[in-house]
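The primary structure of each chain is shown beneath.
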Amino acid sequence: MSATWDEVLGQPAAVEALRGALRADEVAHAWLLMGPTGVGQREATRAFAAALNCPDRTEDAGCGGCSTCLRIGRGVHPAVETFEPEGQFHLVDAVHDWITTASRSMTEGQRRVLRIVAADRMNEAAQNAFLKILEEPPPSVVWVLEASDESALLDTILSRCRRLAVVPWGPDALRQLATRELGVAADQAADLARASLGSPERLRDLADPELAEARWQHLAIIDRLATGGPGQVVPLAKELTVWARGRVAPLKEKHQAEFAGYEESYGVDERGRGWPPGVKKRLEQRHARLERAEMRRALDSFLDTLASQLRDLLAVSAGGSADHLINVDHLASLQRDATRLPPVAAIEGLQAVARCREALDRNGAPELQLERLLLAVALPLYAQATAS
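Report on the accompanying structure. (Residues numbered from 1 in each chain as written. Predicted model: local features only at pLDDT ≥ 70, side-chain atom pairs only at ≥ 80, totals over all residues. Heavy atoms only, no water.)

1. A look at the sheet that holds strand 2 (residues 80–83)
Backbone-to-backbone hydrogen bonds pair the strands of a sheet. The strands run either parallel or antiparallel. Cut-off, in case you're wondering: Here the rule is simple: two strands pair whenever DSSP picks up at least two bridges between them. By definition, any uninterrupted DSSP run of H or I lasting at least four residues is a helix, any uninterrupted run of E lasting at least two residues is a strand, and each is numbered from the N terminus. Only the stretch in contact is used when fitting a helix axis, every axis being a line fitted to C-alpha atoms; angles between N-to-C directions are given from 0 to 180 degrees. Any two residues having at least one pair of non-hydrogen atoms within 4.5 Å are treated as being in contact.
Taken in spatial order, the five strands of this open sheet run 2-3-4-1-5, and their pairing is parallel. The outermost strands of the open sheet, each flanked by one partner alone, are strand 2 and strand 5 (162–165). For this sheet the average axis-to-axis angle between neighbouring strands, irrespective of direction, equals 20 degrees. As paired strands, strand 1 (residues 30–34) and strand 4 (residues 141–147) are joined by five bridges and run parallel to one another. Across the sheet, M34 pairs through a bridge with A147, a residue of strand 4. Most of the contacts of helix 1 (residues 12–23) go to strand 5, to which it runs at about 145 degrees, and overall it touches strand 1 and strand 5. Strands strand 1, strand 2, strand 3 (112–116) and strand 4 of the sheet are contacted by helix 2 (residues 41–53), whose axis makes an angle of about 170 degrees with strand 4.

2. Considering the layout of surface pockets
Under the convention used in this document: Buried and open spaces are told apart on a 1 Å grid over the protein atoms alone, a cavity being a set of points where a 1.4 Å probe fits but cannot get out and a pocket being an open set with protein on both sides within 12 Å along at least five of seven lines. Residues with an atom within 4 Å of a point are the lining residues. Grid points are joined across faces, edges and corners, and a volume is the space filled by probe spheres set on the points. Residues are sorted three ways: Asp, Glu, Lys and Arg are charged, Ala, Val, Leu, Ile, Met, Phe, Trp, Tyr, Cys and Pro are nonpolar, and all the rest, Gly among them, are polar.
Of the pockets and cavities examined, the second largest pocket occupies roughly 740 Å³. What lines the second largest pocket is a set of 23 residues, and nearest its centre among them are E86, D97, R282, Q285 and R286. For the lining of the second largest pocket, the elements supplying multiple residues, two or more each, are strand 2, helix 4 (92–103) and helix 13 (279–317). The greatest single-element share of the lining of the second largest pocket, amounting to seven residues, is contributed by helix 13. Taken together, the residues of the lining of the second largest pocket break down into eight nonpolar, five polar and 10 charged.

See below:
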């Protein structure tokens, strides 16, 4: 993959703003990409970085074919770095490392582009530390902050960034991704685009046969709760937790192999001696962070599916047509379940999904939080069944 603007789908306004700044030679030292995660921020940052560093660039774009553009597209060029949260938040020690990186002399390229994923997860101490380098930025550095919650950032940081909105993808961009990159048949692309909730990451998941099958199973949970009663809550929560952990298993195996490779490279003995100072700890922290993120990604996939189903049940109860549905490929089951779950209970279920996300954000035990969520859905189903 090369770092070109053609790789940035679904964000025409943001792309035009970035290219316009390049053409006018008015590149701000800090940009804030505000919107949902995973809707093209990485691709936009890389295309922007290529336009700033490509030796054969035009006034607003990299050439797309040189070593610089290709390495930026693969994420291996030294002029472009990405900082992700170590755990749930960016801490002040991480920000000090960013400042060190920003202050280093460049070994290659003309402008260093530093991307901060989930910048709104900086705690207050981290934001205050980061503010110092925003106030006195190195001339060769461009910061790209990504955030979905503007209120979590200090006003002093917001005022020093040029803000660009990034939005959920529209159906045309999603269908283009489905057919062009994912190989989805044209007659299925529209349904998958609708079910992806504007997220290209979710669309990629739904195109994966294993995750597509998981979606079908998740959409059957309301039926299982309706037919099995509240007694299904605990086994279902365990089943979902085991499934989410299973999604992490391949990543764990990859990390174990990587860890063993480092041990061999450094000549670590059977007592664990031989690691350079700090390397083992940083490696373990990175692995743990990525594994937690993959677990949360799996849980969010289920929560997104359940929330979309509850929303569809409200639409069916209100007399909405198939054109108003997200899970249009499950129309028959939605019509059946709409008679089982009263609209007020569907609304309360959506609120329970939001509470579950908030609890997981606070590192709540996944199985316990899923039990609470499923119980909030199961009880109204049971009450409706017994009343009938």
